[in-house]
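# Structural features, examined
The chain contents come next:
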Amino acid sequence: MKRTFIIALSALFALQTPAQLLKGKVEGVNLKSITIEYSPKGDVMETEYKEIPVKDGVFVFETVLPVETVDVGVLAEGRNALGAHLTKGETQEMTITEKDGRLVASYKGVGADVSPVVSRMNEAYDIMRYFSLDPSQKKTTEEFLQLLDHEYAAVKPLLKNIKNKQLRYFYTRLNDAKCKEQKARIMSNDIYEKKLNPKDDAEYKALLADVDINDEISRISGLSLTKLLSMTSNGVEFKSDMGPYCTELMQLTEKHVTNPAFRRQVVNSVGYNYFTFGDDSGDYHAFFDAYKKFAGDENADIPKKYESKIAAWDKTHKGVPAPDITLDTPDGQQVQLKDIAKGKFTYIDVWATWCGPCKKEIPFMAQLVEKFKGNDKVMFVSISVDENVNAWKEMIAADKPAWPQYNINKDTAKQFMTDWGITGIPRFIMIDKNGNIFAADASRPSEEKTANTIDEQTR
């Protein structure tokens, strides 16, 4: 009996021990680290990230996979995306080199015929390629669509190298779906920039007309969610009560969604939209009760993530004392938030070097700082939540921002995010001259009302 127990325990331990799924080599390229990006459930809202150091040109990704196969992104800061198709219990070898200024990869092992397709699709449909953070590099909608057509065509020849017929069919359809989803993003962005409604655009509606929201390929590619969002009639206004919009999404889901995996994805999306982009101006307790009922027992873990947000909203109303936190300076000193904000109207930018939307706001933050230069009643502060402190130091050393820069990470960052109810960045905060909360979820630097608010409070 005792021996049987030991054998069973050993088997359980073996099942839970992380396996080496990807062994990588880097040749002729100076990479200090890479980040593995993956979602076992195929839901971008449940994506996991793991930063892995590159030591002597080698990196190893190991974890316990809950599924038989998973596609991962292999990311290096500032470089094109790569990827790999990994199989549970199998080790794949990846060699990263550089050609014509791009990172390229070769593979050995199980899934080596599929990995080039995954890698090229990760690069082809990288959203940041179609929404430039640098205004001087921004392309027209037509140019972005031409780029998309070129990238789609670049993936197609690789598909014939996939040996398994079913896998080849799967990735052929996935390539089609990813291309269509990215095209929808480009078109909708253009429509919104023209201050129009995608629902009134005939070409946009035609693009999504044949999308089956319960199809698994549509779900994985993001097309299902894009189609569902296109069916809403309530407009979205960020930093306001998102209750009507999110309630309509839940109603549409009840009516049209039969795919359990997609339903979970919608549960994730509704919660993220309401608690990240909305504010506490509506009856958020009533909404949360309806949201938990919508999630059901099978997805009850998702609303639990937002219980701290409810608690934070309850204690971060305008006029209550702002939570304090210890901040690290670039030269290794420590200061208290309450001390640097004392006696001044303080505008805080919570960001990270890996966050594209955060970096997009930095030029506007610089304009605000310049606009209020000489006004000693206002203080501008940027707080980075980068775990990679060196990446943060390198970026601010290169950019030389004209306002104070601080960093928080690990447990400190976790406490800060919990205290303020922050579930996504960028996040902006306003603290009045008495150290009380003016706005726990303030408008962005790029919004005209931000400068107007600061001007009104610092005259």
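Whatever comes next refers back to the structure up there.
An account of the accompanying structure is given in this report. (Residues numbered from 1 in each chain as written. Predicted model: local features only at pLDDT ≥ 70, side-chain atom pairs only at ≥ 80, totals over all residues. Heavy atoms only, no water.)

Right, let's get into the overall build of the protein chain. Counting its regular elements, the protein chain contains 17 helices and 15 strands. Rg of the C-alpha trace for the protein chain: 24 Å, near the compact-globule value of 23 Å for 459 residues, within the 12% margin. Seen through its C-alpha atoms, the protein chain measures out along the principal axes to roughly 70 × 60 × 55 Å. Within the protein chain, counting contacts between residues at least 6 apart in sequence, those at least 24 apart form 62% of the total. Within the structure as shown, the protein chain displays about 23,900 Å² of accessible surface, and the carbon and sulfur contribution to it stands at 52%. (Helix = DSSP H or I, 4+ residues; strand = E, 2+ residues; numbered from the N terminus. Rg over C-alpha atoms; globule rule 2.2 N^0.38 Å. Contact = heavy atoms within 4.5 Å. Areas by Shrake-Rupley, 256 points an atom, 1.4 Å probe, with all protein chains shown as cover.)

With that settled, the discussion passes to the sheet that holds strand S1 (residues 19–26). Two pairing modes exist for strands in a sheet, parallel and antiparallel, and in both the strands are linked by backbone hydrogen bonds. If you trace the 4 strands from one edge of the open sheet to the other, you get S4-S1-S7-S8, paired in mixed fashion. Pairing within the sheet leaves two strands with one partner each, and these edge strands are strand S4 (58–63) and strand S8 (102–108). In this sheet, neighbouring strand axes are inclined to one another by 25° on average, regardless of whether the strands run parallel or antiparallel. As paired strands, strand S7 (residues 92–99) and S8 are joined by 7 bridges and run antiparallel to one another. (Pairing = 2+ DSSP bridges. Axes fitted to C-alpha atoms, helices over the stretch in contact; angles between N-to-C directions.)

Turning to the nonpolar core, a few remarks are in order. Core analysis: the biggest nonpolar cluster contains 45 residues, and Tyr347, Phe380, Phe416 and Ile454 have the highest contact counts within it. Residue contacts for Phe416: discarding those within four places in its chain leaves Ile325, Val350, Ile383, Ile408, Ile422 and Ile429. With 27 residues, the next largest nonpolar core counts Ala124, Tyr171, Met187 and Ile217 among its residues. (Core = buried A, V, L, I, M, F, W, Y, C linked by side-chain atoms within 4.5 Å. Buried < 20%, exposed > 50% of the residue type's maximum accessible area, 1.4 Å probe, protein only.)

Pro426 follows Ile425 through a cis peptide bond whose omega is 5°. Residues other than glycine seldom take positive phi values, yet Asp56 does so here, at roughly 55°. Judged by its relative accessible area of 82%, Asp56 falls in the exposed class. Unlike most non-glycine residues, Lys410 shows phi in positive territory, near 55°. Lys410 sits in the exposed class, given a relative accessible area of 59%.

Ordered by their spatial adjacency, 4 strands build an open sheet running S3-S2-S5-S6, and the pairing between neighbours is antiparallel. Strands at the two margins of the open sheet, each flanked by one partner only, are strand S3 (48–53) and strand S6 (82–87). Strand-to-strand twist in this sheet, taken as the mean axis angle between neighbours without regard to direction, amounts to 25°. One ladder, built from 4 bridges, connects strand S2 (residues 33–38) with strand S5 (residues 69–75); its direction is antiparallel. Bridge pairing in S5 places Glu37 opposite Gly73. Taken strand by strand, helix H2 (residues 115–124) contacts S5 and S6, and its axis lies near 140° from that of S6.

Our focus in this paragraph is the environment of Ser119. Mapped onto the fold, Ser119 is located in helix H2. Residues Ser119 and Ser106 lie 13 residues apart in sequence; the distance between their C-alpha atoms is 10.0 Å. Residues within four places of Ser119 in sequence aside, it is in contact with Ala81, Leu82, Gly83 and Tyr107. At a separation of 3.1 Å, a polar atom in the side chain of Ser119 contacts the main-chain amide nitrogen of Gly83. (Polar contact = N/O pair within 3.5 Å; in protein donor to acceptor, adjacent residues only side chain to side chain.)

Moving on: helix H14 (residues 356–371). For H14, with 16 residues, the first-to-last C-alpha span of 24 Å sits near the 22 Å given by 1.5 Å per residue. In the core, the buried residues of H14 are packed alongside strand S11 (345–351), strand S12 (378–384), helix H15 (389–399), strand S14 (427–431) and helix H17 (448–457). (Expected span 1.5 Å × (residues − 1).)

Further remarks concern the packing of aromatic side chains. This structure, assessed with the given rule, holds 20 aromatic pairs. Where Tyr274 meets Phe287, the ring centres are 3.8 Å apart and the plane angle is 10°; that geometry is what we call stacked. Highlighted residues: Tyr274 in helix H9 (residues 260–277) and Phe287 in helix H10 (residues 284–295), separated in sequence by 13 residues. Of the residues examined, Tyr274 reaches a relative accessible area of 1% and is grouped as buried. (Phe/Tyr/Trp six-rings, centres within 6.5 Å; stacked < 30°, edge-to-face > 60°.)

With that settled, consider the pattern of salt bridges. Taken as a whole and judged by the stated rule, the model has 21 salt bridges. As a salt-bridge pair, Glu123 and Arg102 come within 2.7 Å of each other at their nearest N and O atoms. With Glu123 in helix H2 and Arg102 in strand S8, this pair connects stretches of sequence that are 21 residues apart. Note that Asp289 and Lys292 form a salt bridge whose closest N and O atoms lie 3.9 Å from each other. With Asp289 and Lys292 both in helix H10 and 3 residues apart, the pair spans about one turn of that helix. Salt bridges linked by common partners bring Arg102, Arg120, Glu123, Arg129 and Glu151 together as one network. (Salt bridge = Lys/Arg side-chain N within 4 Å of Asp/Glu carboxyl O.)

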